[in-house]
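# Coordinates in review
Spelled out from the first residue to the last, the chains are:
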Amino acid sequence: MYIENISVKNFRNLDTMSIKFNKSVNIFFGKNAQGKTNIIEAVYMCATGRSHRTHSDKDMIMFGMDSAMVQTFINKNDYKDRVNIHLKKNSKKGVAVNSLPIKSLSELFGVLHIVIFSPEDLELVKKGPSERRRFIDMELCQLSKIYCYNLQQYWKILKQRNNLLKQVQKNNSLKDTIFVWDNQLVDFGRKLIKEREKFTVRIDELTKNIHLKLTGNAEKMKIEYKPSVSADEFEEKLNKNIDRDIYFGSTSYGPHKDDLAFFINDTNVREFGSQGQQRCTAVSLKLAEIKLIEEEKGSEPVLLLDDVFSELDKNRQKYLIECISDIQTIITCTGIEDSLKELSQKAAIYKVENGKVYPNL
Ligand SMILES: Nc1ncnc2c1ncn2[C@@H]1O[C@H](COP(=O)(O)OP(=O)(O)OP(=O)(O)O)[C@@H](O)[C@H]1O
Ligand SMILES: [Mg+2]
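## Notes on the domain arrangement of the protein chain
How big an interface is tends to be stated in terms of accessible area lost as the parts join. Split into domains, the protein chain comes out as domain 1 (1-113 + 299-361) and domain 2 (120-298). For domain 1 versus domain 2, the separation of C-alpha centres amounts to 27 Å. On the domain 2 side, the residues contacting the 15 residues of domain 1 number 16 residues.

## Examining the packing of helix H4 (residues 178-214) against helix H8 (residues 275-297)
Where H4 contacts H8, the axes come no closer than 8 Å and their chain directions differ by 125 degrees. Looking at the two axes, H4 sits oblique to H8. Relative to H8, H4 is oriented so that their crossing is right-handed. Residues Arg202, Ile203, Leu206, Thr207, Ile210, His211 and Leu214 of H4 touch H8, and the partners they reach there are Cys280, Val283, Ser284, Leu285, Leu287, Ala288, Lys291 and Leu292.

## Section: the packing of helix H2 (residues 129-143) against helix H3 (residues 145-170)
Where H2 contacts H3, the two axes come as close as 5 Å, and the packing angle between them is 130 degrees. Taken together, the axes of H2 and H3 lie oblique to each other. Residues Asp137, Leu140 and Cys141 of H2 form the contact with H3, whose participating residues are Tyr147, Cys148 and Leu151. Residues that form the contact of H2 with H3 fall into these classes: five nonpolar, no polar and one charged.

Reading the values: the criteria
Residues numbered from 1 in each chain as written. Chains lettered and ligands numbered in written order. Predicted model: local features only at pLDDT ≥ 70, side-chain atom pairs only at ≥ 80, totals over all residues. Domains from an automatic or database assignment. Contact = placed C-beta atoms within 7 Å. Axes fitted to C-alpha atoms, helices over the stretch in contact; angles between N-to-C directions. Helix = DSSP H or I, 4+ residues; strand = E, 2+ residues; numbered from the N terminus. Parallel < 35°, antiparallel > 145°, perpendicular 65-115°, else oblique. Left-handed = near helix turned anticlockwise from the far one by under 90°. Nonpolar A, V, L, I, M, F, W, Y, C, P; charged D, E, K, R; others polar.

Below you can see the structure in the form of structure tokens.
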């Protein structure tokens with residue numbers, strides 16, 4: 001799978017732009033604030049229907065404009081898929097695959113597989129649990145439409161339950177109706193927990209090997225799933241904590257509180273690892289993500305590397321380059337450093353300046 005081209009109109013600071021991508025490496029270089037990450041964001045939108053850096057779709061419409069468009073063609077060897085996104089200032093966005101509008105974003109997942117790697121991802125181990133949940137969900141949604149549907153349902157029900165908890169604070173007679181949401185929450189929640197358990201076992205296997213290579217066999221890495229509650233105990237926990245939940249107006253147990261823990265040679269990396277070890281753990285995780293998609297989907301994802309090379313030391317840069325040699329990669333950077341020069345022979349190189357993209361001839 002690779003992206004043939006992308007066209008955008010009024011997307012952030014990119015007014016009208018069309019890029020034909022190279023099948024292997026594409027490097028976008030330019031000074032700060034020129035529009036490099038905006039290109040990555042446009043590609044990300046076509047894979048997930050969302051931005052990786054804002055919850056507000058309207059933020060992506062060029063200042064002063066009423067709408068923005070993104071279109072991409074994805075080559076799948078024997079056929080092509082087209083994704084169109086239309087962002088509107090005064091109404092909901094429209095997403096279409098091969099001209100057919102989709103009702104739920106879960107229908108978009110799987111059309112274009114991507115793995116994104118940005119400087120924030122290097123902080124994944126150090127950051128709060130919500131980032132790690134986002135990582136799991138993003139990956140699992142790409143692998144399974146059913147997971148994506150279950151996740152959407154879970155969030156919808158959780159929101160309704162939390163609203164009801166707040167109403168019960170004022171009107172206790174509504175307390176008896178909470179169980180209606182609890183049954184559904186447990187139903188969808190259990191499915192998420194089970195899928196996340198399986199996912200962690202798989203990603204742990206893959207990461208182990210990559211991390212050994214990345215550290216010259218020095219570090220044995222392990223990933224553990226830390227559910228807020230097990231699938232079997234979920235219902236009981238909700239019942240036991242009902243008064244507490246009413247008091248706080250929010251649900252204290254469930255997959256929305258899960259976490260992942262990372263270990264190197266049996267020591268928790270988040271608590272005791274050096275910054276270098278934490279970052280190296282994140283690199284291994286990202287590379288494992290690529291492998292997992294390849295294995296599960298039978299085709300390699302597109303890799304988006306936003307400003308990440310300069311953040312890595314020489315050894316890791318070298319290893320990353322080796323790993324990306326056979327998948328389509330879109331790289332942004334402020335300058336083409338030595339490590340990238342090796343890649344640049346087979347790469348398409350573009351300069352990004354003030355929202356415009358120029359081939360670097
Ligand atoms: N909705 C918008 N309309 C117009 N311009 C926008 C909009 N949102 C952001 N921008 C502009 O886009 C530019 C930032 O683009 P981007 O984040 O892609 O920069 P970059 O080239 O990746 O820079 P860096 O190297 O610092 O990461 C900024 O100048 C910002 O003001
Ligand atoms: Mg940027």
